Amino acid sequence: MDEVDRALLRALTANARVSGATLAQAAGVSESTVSMRLRRLHADGIVLGYRTEVNLDALGVTVQALIAVRLVSIVREDVESFRDEAPRWPGVLGLFQLGGADDFLLHVVARGATELRDFVLEHLAEHPAVAHTETNLIFEHVPGQGLAHLLA
């Protein structure tokens, strides 16, 4: 990766919908060079995709939580099974596999406390591989700007 690639990534992380002309201007190259560079960044697995940020309030989501999950054992089959199942459960925005006291951290959204409670009861309390959970409510989420220093 060179400075042109970094300039493209900086512009895309600020706004993934930026036009080719704006990307070209930001990187100081032609639009055809931008297209070629973006194809290569995708092919090399550096740019994995583009995402839409959704206003959760507009969807009626009033509760977000981080739920720490400790498994009964760290048998590979149990770990892989949980890792494969959990991201498909309703309301799960993200799954993090951890090292330390807890094995996983789930980022979950719900339309209220009752829906969150039902999620915990239906998907975690009844799961045979789960030994313990701890639910932490999220009061506010402020996106970080930490990626910028890697692209400088």
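Here the structure is shown first, and the text comes after it.
A brief look at the structure comes next. Owing to the predicted nature of the structure, the values given are computational and were not obtained by experimental measurement.

With that out of the way, let us pick up the sheet that holds strand β3 (residues 104-110). Here four strands make up an open sheet; going across it, the order is β2-β3-β1-β4 and the pairing antiparallel. Looking at the sheet topology across the chains shown, the edges are occupied by β2 (92-97) and β4 (130-137). Across this sheet, the average inter-strand angle for adjacent strands is 20°, counted without regard to direction. As judged from the seven bridges shared by strand β1 (residues 63-71) and β4, these two strands associate in the antiparallel manner. What sits directly across from Ile67, in β4, is Thr135. In the packing of helix α5 (residues 113-125) onto the sheet, the strands contacted are β1, β2, β3 and β4, and the crossing angle to β1 comes to about 20°.

Between helix α1 (residues 3-14) and helix α2 (residues 20-27), whose axes approach to 9 Å, the crossing angle comes to 130°. Judged by the angle between their axes, α1 and α2 are oblique. For the element pair α1 and α2, the recorded crossing hand is right-handed. Where α1 approaches α2, its residues Val4, Ala7, Leu8, Ala11 and Leu12 are matched on the opposing element by Leu23, Ala26 and Ala27.

Here the focus is the nonpolar core. One finds Ile67, Val69, Phe82, Leu106, Phe119 and Leu124 to be the most contacted residues of the largest nonpolar core, which totals 20 residues. Taken together, the elements giving at least two residues each to this core come down to β1, α4 (76-85), β3 and α5. It is β1 that provides the largest number of residues to this core, a total of five residues. Here Leu106 is in contact with Ala65, Leu66, Ile67, Val69, Phe82, Ala86, Trp89, Val92, Gly94, Leu95, Phe119 and Leu124, once residues within four sequence places are set aside. Val4, Leu12, Leu38 and Val47 belong to the second largest nonpolar core, which has 15 residues in total.

What follows deals with the pairing of β3. Across the seven residues that make up β3, a large majority, six, are buried. Inspection of the sheet shows β1 paired to β3 by seven bridges, in the antiparallel sense. Pairing of Gln64 across the sheet is with Val109, part of β3. Bridging between β2 and β3 involves five bridges; their strand directions are antiparallel. Bridged to Phe96 within β3 is Leu105. Hairpin connection, β2 to β3: the antiparallel pair is bridged by six residues, and Gly100 has positive phi, about 130°.

This part covers the packing of aromatic side chains. Enumeration over the complete set of coordinates arrives at three aromatic pairs. Between Phe82 and Phe104, the ring centres sit 4.9 Å apart and the planes meet at 40°, which makes this aromatic pair tilted. Of the two residues, Phe82 sits in helix α4 while Phe104 sits in strand β3, which places them 22 residues apart along the sequence. Given the relative accessible area of 0%, Phe82 is considered buried. Ring geometry for Trp89 versus Phe119: centroids 6.1 Å apart, planes at 70°, classification edge-to-face. Linking Trp89 in the loop between α4 and β2 with Phe119 in helix α5, this pair joins segments that are 30 residues apart in sequence. Across the pair, Phe119 and Trp89 agree in class, each one buried. Aromatic ring contacts, followed pair by pair, group Phe82, Trp89, Phe104 and Phe119 into a single cluster.

Criteria and thresholds
- Here the residue numbers are simple positions, counted from 1 along each chain's written sequence.
- Selection of residues for local features in this predicted model requires a pLDDT of at least 70, selection of side-chain atom pairs for listing and counting requires 80 or more, and totals for whole chains, interfaces and linings are taken over all residues.
- To get the side-chain values, all heavy atoms of the structure are used, and hydrogens and water are removed first.
- Note on pairing: two strands pair once DSSP finds at least 2 bridges between them.
- What counts as a helix is a DSSP run of H or I of at least four residues, what counts as a strand is a run of E of at least two, and both are numbered from the N terminus.
- Lines fitted to C-alpha atoms define the axes here, with helix axes fitted over just the stretch in contact, and angles between the N-to-C directions of these axes take values from 0 to 180 degrees.
- In what follows, residue pairs with any heavy atoms lying within 4.5 Å of each other are defined as contacts.
- Here is the rule for angles: anything less than 35 degrees is roughly parallel, anything more than 145 is roughly antiparallel, 65 through 115 is roughly perpendicular, and the remaining ranges are oblique.
- What makes a crossing left-handed is the near helix being turned counterclockwise from the far one by less than a right angle; a clockwise turn instead makes it right-handed.
- In this description, a nonpolar core means a group of buried Ala, Val, Leu, Ile, Met, Phe, Trp, Tyr and Cys residues linked to one another through side-chain atoms lying within 4.5 Å.
- Under the scheme applied here, a residue whose accessible area is under 20% of the maximum for its type counts as buried, over 50% as exposed, and between as partly exposed, the area being computed with a 1.4 Å probe on protein chains only.
- Each Phe, Tyr or Trp ring, with Trp reduced to its six-membered ring, pairs with another whose centre is within 6.5 Å; inter-plane angles below 30 degrees give stacked pairs, above 60 give edge-to-face pairs, and intermediate values give tilted ones.

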